[in-house]
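Inside the fold
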Amino acid sequence: MATEGGKSFARRDRLLEIEAKVRTWWDEKDVFRAEPGESPPAPGEKFFGNFPFPYMNGFLHLGHAFSLTKLEFAAAYHRLRGANVLLPFAFHCTGMPIKASADKLAREIQLFGNPPVFPDEVEEPSNPKEESQEANEGAPDKFKGKKSKAAAKSGGQMFQWEIMRSFGLSDSEIARFQNPYEWLKFFPPLAVEDLKVFGLGCDWRRSFVTTDMNPFFDSFVRWQMRKLRAMGKIVKDVRYTIYSPLDGQPCADHDRATGEGVQPQEYTVIKMEVMKPFPPKLGPLEGRRVFLAAATLRPETMYGQTNAWVLPDGKYGAFEINETDVFILTERAALNLAYQNFSKVPQKPTCLVELTGYDLIGLPLKSPLAFNEPIYALPMLTILTDKGTGIVTSVPSDAPDDYMALHDLKAKPALRGKYGVKDEWVLPFEIVPIINIPELGDRAAEKVCIDLKIKSQNDKEKLAEAKKLTYLRGFTEGTMLAGEFAGNKVNEVKPLIRTKLIETGQAIMYSEPEKKVMSRSGDECVVALTDQWYITYGEPEWKKLAEECLSNMSLYSDETRHGFEHTLGWLNQWACSRSFGLGTQIPWDEEFLVESLSDSTIYMAYYTVAHILQNGDMYGSLTNAVKPAQMTDEVWDFLFCGGPYPKSSDIPSSIINKMKQEFEYWYPFDLRVSGKDLIQNHLTFSIYNHTAIMSKQHWPRGFRCNGHIMLNSEKMSKSTGNFRTLRQAIEEFSADATRFSLADAGDGVDDANFVFETANAAILRLTKEIAWMEEVLAAESSLRTGPPSTYADRVFENEINIAVKMTEQNYKDYMFREALKTGFYDLQAARDEYRFSCGSAGMNHDLVWRFMDVQTRLIAPICPHYAEYVWQELLKKEGFVVKAGWPTADSPDPTLKKANKYLQDSIVLMRKLLQKQILGSKKANKKGAPVTSLTEDKLKGLIYVNEQFDGWQAECLRILQSKFDNNINAFAPDGEILEALQNSSVGQSTNFKQTQKLCMPFLRFKKDEAIKLGVHALDLKLPFGEIDVLQENLNLIKRQLGLEEVEVLSATDPDARAKAGPLASLLNQNPPAPGNPTAIFLTR
């Protein structure tokens, strides 16, 4: 809850009331409506920002809101400073998830009724005879026993009906969501409601949903696909693709429950022929050619095979590949192969014999390229059956795992005995040198294992390190010693050896997902060889254009730029068609749909004309001056590609020209904000498509990527309950407190943290600030009039100027957490210090008003409802704060800033010294010492100041000044500094040895200070008069210390030092220095 322990929600509710009132003001004047100017915008005159449209199979959550605020705060800043701002928002419905959920709902209704009655208890086992009878008599689709809900859930997921209930739908409403298009009618309007309550500064006229439900957007996507195809950017090809067997189609990133970004991993499968006679277990395979199918990434090492490896407890099968050939491998690998045209029955692996690894140990094998024949299948305990085929070739010369496993079998007779391994299968086989690697030699695996002192095949960490040392160097630096390519570099001949193995029928190509991928339908994906439509990302000339575009974009972090460069390095053809789900049909092949990452690459351009085409209806279903059929390719080309005016079009020229003007004014977009996970697909696709379809002046200008958001330092997760929808967060904290906490959560590409306590603190801060302003305005006549004149006035005015300048820079850099700090936290701290510093004289009227004006504007992008309320209701200003203009400010005075820091730091130090002296007197009194207990009213303070370094200290500083390089913020070597000291007047003095003991720590201290603060730390005096500052603020010092009598004295004045009386020795123990006055407290 927003507050705990039975406390009132009044403050939160006050903010909610204010937000509701402010929204009506905005709605009445249509504040966020965006219209283009009559002439092209000058630099900085307009700002067009956008956000990847969220998928509409549920409510928006704080993860969406976090990324969105990066755009919202940026747009609000630009709007505030006077730019013409366009922030549109749309809703993505293309792809599988909605259709999969609708189908799941239909299955539940079919199985459990409407409304469904889910089994929720576990029954005791019933009588087997009764069960048998019921099974024969009952309908086949009836459940005979109850299951727990947990048992009934698939993959840990809730029933879809229960999920729909969690959305607030009644049982009578849910059934209609079997129709996927009902989802499109239900969730987007709710998202609009939530975002309006959130305060999003959006031009809602331009909103739309994707898929053919919106005929205008459908036309736009069809045009885009036809254009790409005409340019040769879409081709039909047979390629390896991540594929969902259940859905019967490729499974792209946004179709996946897990495994986003995972690509096919390509292997070479070596056909290791089982030599006859077959053992009895393989009897059913007589008359066939039987192979252990070993997947390898290193076909060039096959010359050095000494054996094959199998997992003793592993489950294998003999799978029918064609009429003659049988492969022994895992079922998972067989399923992948079946989708790659290596199965007698396409897409259905046929297992002729089920086997375990024990059945395979000792099989004699004839393996391609191996110098040894036969070699034998032997046990290895570390094989993973969820990678490759479960069969592994053994090359102990270059593979550390193979070397250690073979070493273990040779050295441990008991291990051989345990698995029934005969000596002749192991002992005769020695390392076959096949590759020479500089420094590692021709037995690299053996050398590295010995060097790392690896004891056995179970030493996983060291073996992983050994592989790092050998594999990459073997490929990049190795030279072949064996086979027909001896003498050639490994990296040159590897593809040649692989090709030869495949062409001669000794191996096949095989691919599988590089990591586990689960589709949203709940099945594990495979890699399939599919004949379908691909976009030719990675094509060299197109890639050059994408790289050129990227090089001119603002990306706001090096990590983001590296992410794009990496993606451009590996991205290749992308399957752009699907046969299942929602979306736009491929125009020339209508049995397929455009997949969800391919209809969302240049839609930002559609925002510029959506309101004209759709007349404010997100579905494009209203009667309008333009019909979808009128939006021909010629019209789209004219609007977005600089094509000729479409003379054949019957759309009124005024409308066509208006759409053209909108696009030319707003494009290119200035900023697109997104989670960093979209770099590897959507955002890079967007760059590619813009460079293909649009002219350079319309290419994207900037992407800003962020990390994910955690809640209270834990991963946001529905399953753990650590989750908030946007609606829930607003109800719990208010919109502005939610926005405040999102701004405070973090700005980088690392994961950020939304802290509930920060949101609660924001509720308190914002409402208390309103109360303070109301109080000040009610007593306005008591404020001090006239121009700012006191030291405190000057300091506060300077702090306001600093806040304006620094916050402006933070907003420009899209560093919103810093903007919150400089524009709110720091400014409030300066106000609180000013109130205290003014004392009985009171605050200056004009400065207080300026503070309220400036703070309201600076916080407006983050807390716009609060700011608007203060602006209009309290400050009685004209217009809207969201468009009020950035506050003007004089240049900050850094010297005044330093002087005030000096003053405040000095007061803190004096207070500590005073308390120490008072407490010391009390402790002494308790011990029976004959002293009087001290209190502030019995004391007076003497503040001794030394405004300039002199003597040996001055000489040390002059030496450091001469030895400091300001460009690199570093000093010359210590030896050079010491030599300069020895050659100086200080070094030549007779008592240098004694002075040196003082010089060395002083030099170290000042060096560290200069590196931290800059060269000014080496100045002989401060840039302001210390005595003047302290003297001007004597009343403040007295108030802060609680003393009636305080004097500021020069430490170089003998008469002043004499005033310290018997405590003068303290001035020697703790001598004052520039920036460090010494306070002494005497009895009056």
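For the structure, see preceding data.
Residues numbered from 1 in each chain as written. Predicted model: local features only at pLDDT ≥ 70, side-chain atom pairs only at ≥ 80, totals over all residues. Heavy atoms only, no water.

A few points about the overall build of the protein chain
Our working rule: Helix and strand definitions follow DSSP, with helices as H or I runs of at least four residues and strands as E runs of at least two, each counted in order from the N terminus. Working definition: with a 1.4 Å probe on protein chains only, accessible area under 20% of the residue-type maximum means buried, over 50% means exposed, and in between means partly exposed. Here, two residues are considered to be in contact whenever any of their heavy atoms come within 4.5 Å of each other. Note on areas: Shrake-Rupley with a 1.4 Å probe; residue coverage comes only from the protein chains shown. Positive charges come from Lys and Arg, negative ones from Asp and Glu, while His and the chain ends are left out of the count. Each charge is placed at NZ for Lys, CZ for Arg, CG for Asp and CD for Glu.
Tallying secondary structure elements over the protein chain gives 38 helices and 32 strands in all. With respect to the principal axes defined by its C-alpha atoms, the protein chain has extents near 115 × 85 × 75 Å. Looking at the protein chain residue by residue over its 1084 residues, the buried ones come to 53%. Across the protein chain, the fraction of contacts at a sequence separation of at least 24, relative to all contacts at a separation of at least 6, is 77%. Accessible area for the protein chain stands at about 47,600 Å²; split by element, carbon and sulfur atoms hold 51% of it. Seen as two clouds, the 128 positive and the 143 negative side-chain charges of the protein chain have centres 3 Å apart.

What to know about the layout of surface pockets
Condition: The definitions used throughout rest on a 1 Å grid laid over the protein atoms alone, on which a cavity is an enclosed set of points accommodating a 1.4 Å probe that cannot get out and a pocket is an open set flanked by protein within 12 Å on both sides along at least five of seven lines; lining residues are those having an atom within 4 Å of a point. Grid points are joined across faces, edges and corners, and a volume is the space filled by probe spheres set on the points. Note that Gly is not counted as nonpolar here; it falls among the polar residues with everything else outside the nonpolar set of Ala, Val, Leu, Ile, Met, Phe, Trp, Tyr, Cys and Pro and the charged set of Asp, Glu, Lys and Arg.
Counted as a void, the second largest pocket has a volume near 1,000 Å³. Of all the secondary structure elements, the ones that give two or more residues to the lining of the second largest pocket are β6 (264-274), β7 (289-296), β14 (391-394), α12 (400-411) and α16 (460-477). For the lining of the second largest pocket, the element with the most residues is α16, which contributes five residues. In terms of residue class, the lining of the second largest pocket is made up of 14 nonpolar, nine polar and seven charged.

Quick look at the packing of aromatic side chains
What counts, and what does not: We call Phe, Tyr and Trp rings a pair once their centres come within 6.5 Å, taking the six-membered ring for Trp, and we label the pair stacked below 30 degrees between planes, edge-to-face above 60, and tilted otherwise. We count a charge as sitting over a ring when the NZ of a lysine or the CZ of an arginine lies within 6 Å of the ring centre and within 35 degrees of the ring normal.
Applying the stated rule across the entire model yields 73 aromatic pairs. Each ring, one from Trp-223 and one from Phe-640, has its centre 6.0 Å from the other, and the planes form 50°; the classification is tilted. With a gap of 417 residues between them, Trp-223 in helix α9 (residues 215-230) and Phe-640 in helix α21 (residues 633-641) connect regions that are remote in the sequence. Above the face of the Phe-291 ring, Lys-271 is positioned so that its terminal group lies 5.0 Å from the ring centre.

Comments concerning the sheet that holds strand β19 (residues 526-535)
Stated formally: Note on pairing: DSSP must find at least two bridges between two strands before they are called paired.
Spatially, the four strands line up as an open sheet ordered β4-β3-β19-β20, and their pairing is antiparallel. In this open sheet, the two strands that pair with only one neighbour each are β4 (249-250) and β20 (574-575). Note: strand β3 (residues 234-244) against β19, 10 bridges, orientation antiparallel. Residue pairing in the sheet places Val-238 in a bridge with Asp-531 of β19.

What about the pattern of salt bridges?
In plain terms, the rule: We define a salt bridge as a contact between a side-chain nitrogen of Lys or Arg and a carboxyl oxygen of Asp or Glu at a distance within 4 Å.
Within this structure, the stated rule accounts for 66 salt bridges. Residue Glu-35 is joined to Arg-33 by a salt bridge in which the shortest nitrogen-to-oxygen separation is 2.8 Å. The class of Arg-33 is partly exposed, set by a relative accessible area of 39%. For Asp-633, the salt bridge is made with Arg-226, and the minimal N-O distance between the two is 2.8 Å. Pair noted here: Asp-633 is in helix α21 and Arg-226 is in helix α9, with a separation of 407 residues, a long-range link.

Looking at the sheet that holds strand β24 (residues 703-706)
Stated precisely, the cut-off is as follows: Orientation is described by lines fitted to C-alpha atoms, with helices fitted over the stretch in contact, and by angles between N-to-C directions that extend from 0 to 180 degrees.
With parallel pairing, the four strands of this open sheet are ordered in space as β2-β1-β23-β24. In the strand order of this sheet, the two ends are held by β2 (84-86) and β24, each with one partner. On average, each strand axis in the sheet is inclined to that of its neighbour by 20°, with strand direction left out of account. The sheet contacts of helix α2 (residues 62-80) involve β1 (46-50), β2, β23 (671-675) and β24, and relative to β23 the element is tilted by about 160°. Seen against the sheet, helix α23 (residues 679-693) touches β23 and β24 and runs at an angle of roughly 175° to β24.

Side note on empty space enclosed by the protein
By the definition in use, this model includes two cavities of 30 Å³ or more. In this model, the largest cavity occupies a volume close to 80 Å³. Lining the largest cavity are 13 residues, with Ala-76, Arg-79, Ala-860, Pro-864 and Val-882 sitting closest to its centre. Top contributing element to the lining of the largest cavity by residue count: α2, with four residues. Looking at side-chain class alone, the lining of the largest cavity contains nine nonpolar, one polar and three charged residues. Looking at the second largest cavity, its volume works out to about 50 Å³.

Observations regarding the environment of Tyr-471
Structurally, the position occupied by Tyr-471 is in helix α16. Placed 73 residues apart in sequence, Tyr-471 and Asp-398 show a C-alpha to C-alpha distance of 7.7 Å. The contact partners of Tyr-471, leaving out residues within four places of it in the chain, are Arg-298, Asp-398, Ala-399 and Pro-400.

Focus on unusual backbone geometry
Omega for the bond connecting Lys-276 with Pro-277 falls within 30 degrees of zero, at 5°, which places this linkage in the cis form. Even without being glycine, Leu-369 reaches a positive phi, approximately 70°. Assignment of secondary structure puts Leu-369 in the loop between β12 (364-366) and β13 (375-379). By relative accessible area, which is 26% here, Leu-369 ends up partly exposed. The phi dihedral of Asn-969 falls on the positive side, at around 55°, and the residue is not glycine. Structurally, the position occupied by Asn-969 is in the loop between β29 (964-965) and β30 (970-971). Residue class for Asn-969 comes out partly exposed when judged on its relative accessible area of 31%.

Such coordinate-based values are descriptive only and should not be taken to indicate function.
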